[in-house]
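Residue-level structure breakdown
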Amino acid sequence: MALVLAPEVPLRDWLEDLDAVSERSPGFFTGRPIIADVSSLKPSKSELKFLLAAFKMRNIRIIGLEGAAPENVDGDMPPPIAGGKPTGEIDVPDAASAAVAAAGTPFADAPVPEKSLLIEGSVRSGQSILHPEGDVTVLGSVASGSEIVAGGSIHVYGSLRGRAIAGCTGNGRARIFCRKFEAELIAIDGLYKTADDLGGKFLGQPVQVNLDGDSIILKTMD
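My aim in this report is to walk through the structure given alongside it, one point at a time. (Residues numbered from 1 in each chain as written. Predicted model: local features only at pLDDT ≥ 70, side-chain atom pairs only at ≥ 80, totals over all residues. Heavy atoms only, no water.)

Secondary structure summary: the chain contains 3 helices and 16 strands in total. Counting over 222 residues, the chain shows a buried share of 45%. When contacts within the chain are restricted to residue pairs at least 6 apart in sequence, long-range pairs at least 24 apart make up 39% of them. Counting every atom, the chain has about 10,800 Å² of accessible surface; 50% of that belongs to carbon and sulfur. (Helix = DSSP H or I, 4+ residues; strand = E, 2+ residues; numbered from the N terminus. Buried < 20%, exposed > 50% of the residue type's maximum accessible area, 1.4 Å probe, protein only. Contact = heavy atoms within 4.5 Å. Areas by Shrake-Rupley, 256 points an atom, 1.4 Å probe, with all protein chains shown as cover.)

Here is the structure:
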């Protein structure tokens, strides 16, 4: 399973968010293969070297670069990739990187963070999406064996079959919404439940998940 990190400007603030995830979940990045999607940064060679050095200082292992101009990638850097395969010039689809206003989502009672990530398709098995800056909205489904980690809330318009981890930077007001609940694991602000804990009461139903003190609460949506 490869995790995708998509740095944004200002880079210092993004790295601080990354450090907050590491502090809250020690070992989260340890030994995991990471792909750095630098599409939104469009870094020069020197900026790319700085970013890779910042990852190395944090013991984050980068196995590939997505969205980097080929002329800026030296031989000692991770290779350019797209979809997990070596490539030349990269055309990054908007579905994987577009940022939208959270107010456009249909779940009006969810807290609205500053930034949201919109994924227009589905999250496939083996994919891992990390977005500590705010909400993640998936217009498709989240497959079994995949995971979404968000600093804010998670909105899934299709089936949620993988792992959904909301409020990863300490946001206890974050929520999880989905049209069809079949999750392997749900978590908010460090509290979690697995499929075995959840039983079959909410299976296949439209569900929202929130915290009430130290308890995870599931409710069906009309």
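From this point on, the discussion continues.
Quick look at the pairing of strand β2 (residues 34-37) now. Every second residue of β2 is oriented toward a common face, with Ile34 and Ala36 on one face and Ile35 and Asp37 on the other, all of them buried. For the crossover from β2 across helix α2 (residues 45-57) to strand β3 (residues 62-66), the handedness is right-handed. (Right-handed = clockwise from strand over helix to strand, strands pointing away.)

Bringing the pairing of strand β10 (residues 154-160) into the picture now. Taken across its 7 residues, β10 has 6 buried, putting it largely inside the fold. Bridge count for strand β8 (residues 134-138) against β10 is 3 bridges, and the pairing is parallel. Bridged to valine 136 within β10 is isoleucine 154. Pairing analysis gives 5 bridges linking β10 to strand β12 (residues 176-181), with the strands arranged parallel. Looking at the pairing, serine 159 lines up with lysine 180 of β12. (Pairing = 2+ DSSP bridges.)

Once that is clear, we can look at the nonpolar core. One finds Ile176, Phe181, Ile186 and Leu218 to be the most contacted residues of the largest nonpolar core, which totals 28 residues. Contacts of isoleucine 186, omitting those with residues within four sequence positions, involve Ala164, Ile176, Phe181, Leu191, Tyr192, Lys193, Leu198, Val209, Ile216 and Leu218. (Core = buried A, V, L, I, M, F, W, Y, C linked by side-chain atoms within 4.5 Å.)

Within this structure, the stated rule accounts for 1 aromatic pair. Where tryptophan 14 meets phenylalanine 55, the ring centres are 6.2 Å apart and the plane angle is 85°; that geometry is what we call edge-to-face. One end of the pair, tryptophan 14, is in helix α1 (residues 11-24); the other, phenylalanine 55, is in helix α2, with 41 residues separating them in the sequence. On the basis of relative accessibility, which here comes to 4%, the residue tryptophan 14 falls in the buried class. Residue classification places phenylalanine 55 among the buried positions, given a relative accessible area of 1%. Sitting above the plane of the tyrosine 157 ring, arginine 179 keeps its charged end 6.0 Å from the centroid. (Phe/Tyr/Trp six-rings, centres within 6.5 Å; stacked < 30°, edge-to-face > 60°. Lys NZ or Arg CZ within 6 Å of the ring centre and 35° of its normal.)

Turning our eyes to something else, we now look at the sheet that holds strand β6 (residues 115-119). Read across the open sheet, the 6 strands follow the order β6-β8-β10-β12-β15-β16; overall the sheet is mixed. The open sheet has two edge strands with one neighbour each: β6 and β16 (215-220). Between one strand and the next, the sheet's axes are offset by a mean angle of 20°, whatever the strand orientation. Where β12 lies against strand β15 (residues 207-212), 3 bridges are found, and the strand directions are antiparallel. Counterpart to isoleucine 176 in the pairing with β15 is valine 209. (Axes fitted to C-alpha atoms, helices over the stretch in contact; angles between N-to-C directions.)

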